[in-house]
Amino acid sequence: MTALPNDRPPLIGEDDRDTAVRRLQEAYAAGHIAHDDLETRLQQVLTATTHSEFASAMDSIPEEDAGATSTIAAAGGRIQRRGAWRVPRTLKVESAFGKVQLDLSRAVFEHSVLDIELQLGTGKAAITVPRDAVVDVEGLRTGWKDSHYKPRRNPRPGGPTIRISGAMGFGRLTIRHARR
């Protein structure tokens, strides 16, 4: 039996491929690349097996709009978002003392992936996600209490991916899926 090498490069994820396809389509629509170049680059992105092949397909493509990041901050008190609100690609939430409540169940997602970066001192946080969302909390560090999240057994395909990262001091994060 042969051992697998430990230094294998990470696989190219579907989120990365989807983002690259969208960026190529946007570059074509904006006139940055020709139609033939679009077809060639799309083929490269969809069949790439190494990160160098993947990166070469994205050469000279403009970077994503930096305006897709929003920050919600409060030194104390409550941070609350609910109802139909437009969610950016990256959401930074900063609170020294207080309670954070984000209800994404009726939010408008412009991107298939949402990155939420939490920087919380004390106080608890509650995030309600859409029923079909896939949630990743691997990037979150907690100091005092663990986060509460029970993934759905059979999520419906097509929902947003929500990646939560950052650090929480003396509070608890509770994540739940919307009921309707």
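To be clear, the structure that these remarks concern was listed above.
Residues numbered from 1 in each chain as written. Predicted model: local features only at pLDDT ≥ 70, side-chain atom pairs only at ≥ 80, totals over all residues. Heavy atoms only, no water.

What to know about the nonpolar core
Counting residues in each nonpolar core, the largest one holds 25 residues, and the members touching the most others are Leu104, Ile116, Leu118, Ile164 and Leu173. At the level of secondary structure, the elements contributing two or more residues to this core comprise strand S4 (90-97), strand S5 (99-103), strand S7 (113-122), strand S8 (125-129), strand S9 (134-142), strand S11 (161-170) and strand S12 (173-177). No other element matches the 4 residues that S7 contributes to this core. Setting aside its immediate chain neighbours within four residues, Ile164 contacts Ile116, Leu118, Ile127, Val135, Asp136, Val137, Glu138, Gly139, Leu140, Leu173 and Ile175. Of all hydrophobic cores here, the second largest spans 14 residues; its members include Ile12, Ala20, Val45 and Ala48. (Core = buried A, V, L, I, M, F, W, Y, C linked by side-chain atoms within 4.5 Å. Buried < 20%, exposed > 50% of the residue type's maximum accessible area, 1.4 Å probe, protein only. Helix = DSSP H or I, 4+ residues; strand = E, 2+ residues; numbered from the N terminus. Contact = heavy atoms within 4.5 Å.)

Here's the deal with the packing of helix H1 (residues 14-29) against helix H2 (residues 35-47)
It is the contact of H1 with H2, at a shortest axis distance of 10 Å, that shows an interaxial angle of 175°. By the angle between their directions, the pair H1 and H2 is classed as roughly antiparallel. Between H1, through Arg17, Ala20, Val21, Leu24, Gln25 and Tyr28, and H2, the contact on the second element is made entirely by His35, Leu38, Arg41, Leu42, Val45, Leu46 and Thr47. Residues of the contact of H1 with H2, tallied by class, amount to 8 nonpolar, 3 polar and 2 charged. (Axes fitted to C-alpha atoms, helices over the stretch in contact; angles between N-to-C directions. Parallel < 35°, antiparallel > 145°, perpendicular 65-115°, else oblique. Nonpolar A, V, L, I, M, F, W, Y, C, P; charged D, E, K, R; others polar.)

Notes on H2
Over its 13 residues, H2 runs 19 Å from end to end, which matches the ideal 18 Å to within 8%, given 1.5 Å per residue. Those residues of H2 that sit buried are Leu38, Arg41, Leu42 and Val45. The buried side chains of H2 occupy one side of the element, clustering within an arc of 105° when seen end-on. Where H2 is buried, its residues contact H1 and helix H3 (51-57). (Expected span 1.5 Å × (residues − 1). Arc of directions from axis to C-beta.)

Observations regarding the pairing of S5
Here S5 shows a buried face lined by Val100 and Leu102 and an unburied face lined by Lys99, Gln101 and Asp103. Note: S5 against S8, 4 bridges, orientation parallel. Looking across to S8, one finds that Val100 is bridged to Ala125. (Pairing = 2+ DSSP bridges.)

What about H1?
Here H1 is 16 residues long and its end C-alpha atoms lie 22 Å apart, about the 22 Å a rise of 1.5 Å per residue gives. Turning to H1, its buried residues are Arg17, Ala20, Val21, Arg23, Leu24 and Ala27. Within H1, the buried residues cover an arc of 165° as seen down the axis, which keeps them to one side. Turned more than 90 degrees away from the buried face of H1, the exposed residues are Glu14 and Ala29. Where the residues of H1 are buried, they touch H2 and H3. Looking one or two residues past H1, Gly31 carries a phi angle of roughly 85°, positive in sign.

Considerations on the environment of Asp136
Following the sequence through the fold, Asp136 ends up in strand S9. Residues Asp136 and Ile162, 26 residues apart in the sequence, show an inter-C-alpha distance of 6.2 Å. Excluding residues within four positions of it along the chain, Asp136 makes contact with Ile162, Arg163 and Ile164. At 3.0 Å, the side chain of Asp136 and the backbone nitrogen of Glu138 are in polar contact. (Polar contact = N/O pair within 3.5 Å; in protein donor to acceptor, adjacent residues only side chain to side chain.)

A short note on the sheet that holds S4
The strand order across the open sheet built from 5 strands is S1-S4-S7-S11-S9, with neighbouring strands paired in parallel fashion. Both outer strands of the open sheet, strand S1 (69-74) and S9, are each paired with one neighbouring strand and no more. Pairwise comparison of adjacent strand axes, ignoring direction, gives a mean angle of 10° for this sheet. Bridge count between S7 and S11: 9 bridges; the pairing is parallel. Paired with Leu114 across the strands is Ile162, a residue of S11.

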